[in-house]
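# Per-entry structural report
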Amino acid sequence: MTESLDRVARIQREWARERPDVDVRPQGVIGRLHRLGVYLTEELCVVYRKYGLGEGDFDVLAALRRAGEPFERAPGELAGHTMVTTGAMTKRVDRLERAGLVSRRASESDGRGRVVALTPDGRALIDRAFAEHMANERRLLDALTEGEAAQLESLLTKWLAATGEARG
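Residues numbered from 1 in each chain as written. Predicted model: local features only at pLDDT ≥ 70, side-chain atom pairs only at ≥ 80, totals over all residues. Heavy atoms only, no water.

## Here we look at the confidence of the model for the chain
- When the pLDDT values of the chain are averaged, the result is 91; 95% of them are 70 or greater.
- Per-element confidence in the chain ranges from a low mean pLDDT of 85 for helix α4 (residues 75-80) to a high of 98 for helix α6 (residues 120-141). (pLDDT = per-residue confidence, 0-100. Helix = DSSP H or I, 4+ residues; strand = E, 2+ residues; numbered from the N terminus.)

Next up, the structure:
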């Protein structure tokens with residue numbers, strides 16, 4: 001009977017043959033997580049593109065929506081609530097503003113500061129996109145049982161905390 005190996009297992013087997021002095025077991029987890037991450041990103045971006053958004057655009061709109069009424073944040077605060085760097089934030093906000101999805105105004109508490117806010121069109125768009133995004137994530141997780149998904153979430157939470165990234 002022929003053993004069926006996935007791509008990562010084949011790579012591990014080749015390295016184990018060529019470099020038996022190196023423990024290749026970590027590649028089984030890291031390699032699969034990397035491949036899964038690439039796959040998941042592409043699957044998530046399908047929904048973003050459907051709404052004319054990139055990954056970062058979705059993240060900015062979602063952070064504004066999560067802020068609650070009046071759906072606004074200062075640019076620095078917005079960067080802290082997204083996976084978008086402060087350098088990339090200006091470009092994204094410019095693009096979203098040109099699309100009529102966000103607006104900028106002077107801060108009432110700091111005359112020099114600015115505030116980015118969702119427009120009514122931006123709120124309607126992110127509400128539709130987010131609902132579809134969550135259905136897409138559910139579809140992607142359906143390969144696991146509820147118990148497996150909960151166990152994986154727990155393990156990933158623990159691992160992420162160990163890296164110091166969980167606080168970000």
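## Some thoughts on the pairing of strand β3 (residues 114-118)
- Most of β3 sits inside the fold, with four of its five residues counted as buried.
- In terms of strand pairing, strand β2 (residues 102-106) meets β3 through five bridges, oriented antiparallel. Bridging across to β3, Val102 finds its partner in Leu118. (Buried < 20%, exposed > 50% of the residue type's maximum accessible area, 1.4 Å probe, protein only. Pairing = 2+ DSSP bridges.)

## Observations concerning the layout of surface pockets
- In this structure, the largest pocket encloses a volume near 1,600 Å³.
- Lining of the largest pocket is provided by 38 residues; of these, Leu40, Leu44, Met83, His133 and Glu137 occupy positions nearest its centre.
- For the lining of the largest pocket, the secondary structure elements donating two or more residues are α2 (25-50), α3 (55-66), α6 and α7 (146-163).
- Broken down by element, the residue count for the lining of the largest pocket peaks at eight residues, all from α2. (1 Å grid on protein atoms, 1.4 Å probe; cavity = no way out; pocket = protein on both sides within 12 Å on 5 of 7 lines; lining within 4 Å. Points joined across faces, edges and corners; volume = space filled by probe spheres on them.)

## Regarding the environment of Pro70
- Within the element layout of this structure, Pro70 appears in the loop between α3 and β1 (72-73).
- Residues Pro70 and Thr119, 49 residues apart in the sequence, show an inter-C-alpha distance of 9.8 Å.

## Overview of the packing of α3 against α6
- Viewed as axis vectors pointing N to C, α3 and α6 meet at an angle of 105°, and their least axial separation amounts to 10 Å. Taken together, the axes of α3 and α6 are roughly perpendicular relative to one another. The residues of α6 that touch α3, namely those facing Phe58, Leu61, Ala62 and Arg65, are Arg123, Leu125, Ile126, Asp127, Ala129, Phe130 and His133.
- Looking at the contact of α3 with α6 residue by residue, the classes come out as seven nonpolar, one polar and three charged. (Axes fitted to C-alpha atoms, helices over the stretch in contact; angles between N-to-C directions. Parallel < 35°, antiparallel > 145°, perpendicular 65-115°, else oblique. Contact = heavy atoms within 4.5 Å. Nonpolar A, V, L, I, M, F, W, Y, C, P; charged D, E, K, R; others polar.)

## Re the nonpolar core
- Among the nonpolar cores identified, the biggest contains 27 residues, and Leu53, Leu61, Leu78 and Val102 are the most heavily contacted of them.
- Elements represented by at least two residues in this core include exactly α2, α3, α4, α5 (86-98), β3 and α6.
- For Val102, the contacting residues outside a window of four places in its chain are Leu61, Leu64, Val93, Leu96, Glu97, Val116, Ala117, Leu118 and Thr119. (Core = buried A, V, L, I, M, F, W, Y, C linked by side-chain atoms within 4.5 Å.)

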